[in-house]
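Structural description and commentary
This is what each chain is made of:
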Amino acid sequence: VLIKISVFVAIIGAMIAIVASELISLLVLLICFKRNPPTSANSCEAVSLKQIAKDVLPITLTNVILPISSFVDSLLVVNLLAINFSKNMSIFMYGVESGAVASLVGLPTIFSFAIASVLLPSLAGNEHVFNKTYKLALGLKIVLIITIPCVICFLLFPNRLIEILYSNNLSGFGVEGLNIAFRLLAISGLGVVFLAINQLYSSCLQAIDKRFATIRNLSIAVGVKFVIELIFLPSVAVNIYALAVGNVACYLTAMILNHLEIKYSFPLKFDYLFMCKLLLCNAVMLTTLIFAMNLTGSTICATIGFLLGAVMYLFSLFAFKIFGSKDIAMIKYKTIVH
């Protein structure tokens, strides 16, 4: 009982700390602005406290929604699973998803977050919409180059990845946690592309002064996630896998809603040539992986196989010239060279 209470208190404390840190950061920023308002000497444009709050508040609220969603998940998932499983077993399954699987799925999105941060100032600038749209398109290309091979590996080789990272350390309560992690990773991996693209779209909405649209769309997406969990988590057949399905549905819903918001401001066009080249590069990587994985079943050889697949993928990107001359010009000169 004491252990359960300690875990519960730790979770609540962590969530409160995250939310409080965001609110305190906003408060400190406003206090600093109030004490040191911009003048003609240090600012080319007068900015009001109201404008600062309008710019910062949506970002703060967006960062608050996700921790709150995670906290609700920690309570909702365990209690709904406990309808058909023991409390300890429910906690164990949730721990496998939120720990081993979630950390692995979130790894590729680090790059998309970095790209989104770099794009934001450019998209908010005074450049022609053509340049802005091309920069966004280039950002999407880079995100797809990074995330699609990750999705392929998560979907087709989840057992190898989990075994390499966690070996046999995911067992408990008479259940082989590796098997649960395999299936969860295969399902959750589908959402990597949606989550990564959505991060770019969120930056776009901030750039075109539609910051509160990100909050609305994210709230709707989280609502869809909770509905799926409420319906399917109590099911004996679906159980913990409903959490992975709910996460994928959440990312997909947010991405679609954000796309509908930006499509008129950034008229993106589907690049068929790029996608064909990218699919060929992934086919080369997949062929290498299949060949390497069939040679032996050892963990070391599987690790070497993934490294070899990555090398072949990078080689294919250069061989097929995945970036055109305009893409290279945008990367070098931050603008289109005609």
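Notes on the structure follow. Only a predicted model underlies this, so the values are computations on that prediction, with no experimental measurement involved. In every chain, residue numbers begin from 1 and rise along the written sequence. The predicted origin of the model limits local features to residues at a pLDDT of at least 70 and limits the giving and counting of side-chain atom pairs to 80 or more, whereas totals for whole chains, interfaces and linings rest on all residues. The basis for the side-chain values is all heavy atoms of the structure; hydrogens and waters are excluded.

**Side note on the overall build of the protein chain**
Comment: elements are numbered from the N terminus, with helices defined as DSSP H or I runs of at least four residues and strands as E runs of at least two. The helix and strand tally for the protein chain stands at 13 helices and two strands. When accessible area is computed with a 1.4 Å probe and restricted to protein chains, residues below 20% of their type maximum are described as buried, those above 50% as exposed, and intermediate ones as partly exposed. Here the protein chain holds 338 residues, and the buried ones make up 43% of them. Pairs at least 24 residues apart make up 79% of the contacts formed inside the protein chain by residues separated by at least 6 positions. Element-wise, carbon and sulfur atoms account for 72% of the exposed surface of the protein chain, whose accessible area totals about 17900 Å². Only heavy atoms enter the contact rule, under which two residues are in contact if any of them lie within 4.5 Å. All accessibility values rest on the Shrake-Rupley procedure with a 1.4 Å probe; residue burial counts only the protein chains present in the view.

**Some thoughts on unusual backbone geometry**
Residue Asn239 is not a glycine yet carries a positive backbone phi of 40°. With a relative accessible area of 7%, Asn239 lands in the buried category.

**Side note on the pattern of salt bridges**
Each reported salt bridge corresponds to a side-chain nitrogen of Lys or Arg within 4 Å of a carboxyl oxygen of Asp or Glu. What the rule picks out here adds up to five salt bridges. One salt bridge in this structure joins Asp271 and Lys141, with 3.0 Å as the shortest N-O distance. Residue Asp271 is found in the loop between helix 10 (241-262) and helix 11 (272-295), and its partner Lys141 is found in helix 5 (residues 129-156); the two are separated by 130 residues along the sequence. Given a relative accessible area of 31%, Asp271 falls into the partly exposed group.

**Comments concerning the packing of aromatic side chains**
Only rings of Phe, Tyr and Trp enter the pairing, Trp through its six-membered ring, and a pair is recorded when the two centres are within 6.5 Å. The plane angle decides the type: under 30 degrees is stacked, over 60 is edge-to-face, the rest tilted. Enumeration according to the criterion identifies two aromatic pairs in this entry. Ring centres 6.2 Å apart and planes at 90° place the aromatic pair Phe157 and Phe306 in the edge-to-face group. With Phe157 in the loop between helix 5 and helix 6 (158-166) and Phe306 in helix 12 (residues 299-319), the pair connects residues that are 149 residues apart, well separated along the chain. Its relative accessible area of 14% is what places Phe306 among the buried residues. Between Phe270 and Tyr272, the aromatic rings sit 4.7 Å apart at their centres with planes inclined by 65°, giving edge-to-face as the arrangement. As far as burial versus exposure is concerned, Phe270 and Tyr272 are alike and both exposed.

**Focus: the state of the cysteines**
Pairs of cysteine sulfur atoms within 2.5 Å are identified as disulfides in what follows. For the structure on display, the rule yields zero disulfides. Counting only cysteine sulfurs, Cys150 is the nearest neighbor of Cys153, a cysteine outside any disulfide, at a range of 6.7 Å.

**Quick notes on the layout of surface pockets**
Think of a 1 Å grid over just the protein atoms. A cavity is a set of points where a 1.4 Å probe fits yet cannot get out, a pocket is an open set with protein on both sides within 12 Å along at least five of seven lines, and lining residues have an atom within 4 Å of a point. Grid points are joined across faces, edges and corners, and a volume is the space filled by probe spheres set on the points. Counted as a void, the second largest pocket has a volume near 800 Å³. Surrounding the second largest pocket, 28 residues form its lining, Ile146, Pro149, Cys150, Ala310 and Tyr313 being those nearest its centre. Every element with two or more residues in the lining of the second largest pocket is listed here: helix 5, helix 6, helix 11 and helix 12. Among the elements that make up the lining of the second largest pocket, the one with the highest residue count is helix 12 (nine residues). Class assignment of the residues belonging to the lining of the second largest pocket gives a composition of 25 nonpolar, two polar and one charged. Gly is put with the polar residues, along with every residue not named as nonpolar or charged; the nonpolar set is Ala, Val, Leu, Ile, Met, Phe, Trp, Tyr, Cys and Pro, and the charged set is Asp, Glu, Lys and Arg.

**Examining helix 8 (residues 191-207)**
Because each turn of an α-helix spans 3.6 residues, side chains separated by three or four positions in sequence point in the same direction. Under the convention used throughout, the expected extent of a helix is 1.5 Å for every residue step, that is, one less than its residue count. Over its 17 residues, helix 8 extends 24 Å from the first C-alpha to the last, a length consistent with the 24 Å expected when each residue adds 1.5 Å. Counting buried positions over the 17 residues of helix 8 gives 16, a clear majority of the element. Just downstream of helix 8 lies Asp209, where phi reads positive at about 65°.

So yeah, pure geometry; function would need other evidence.
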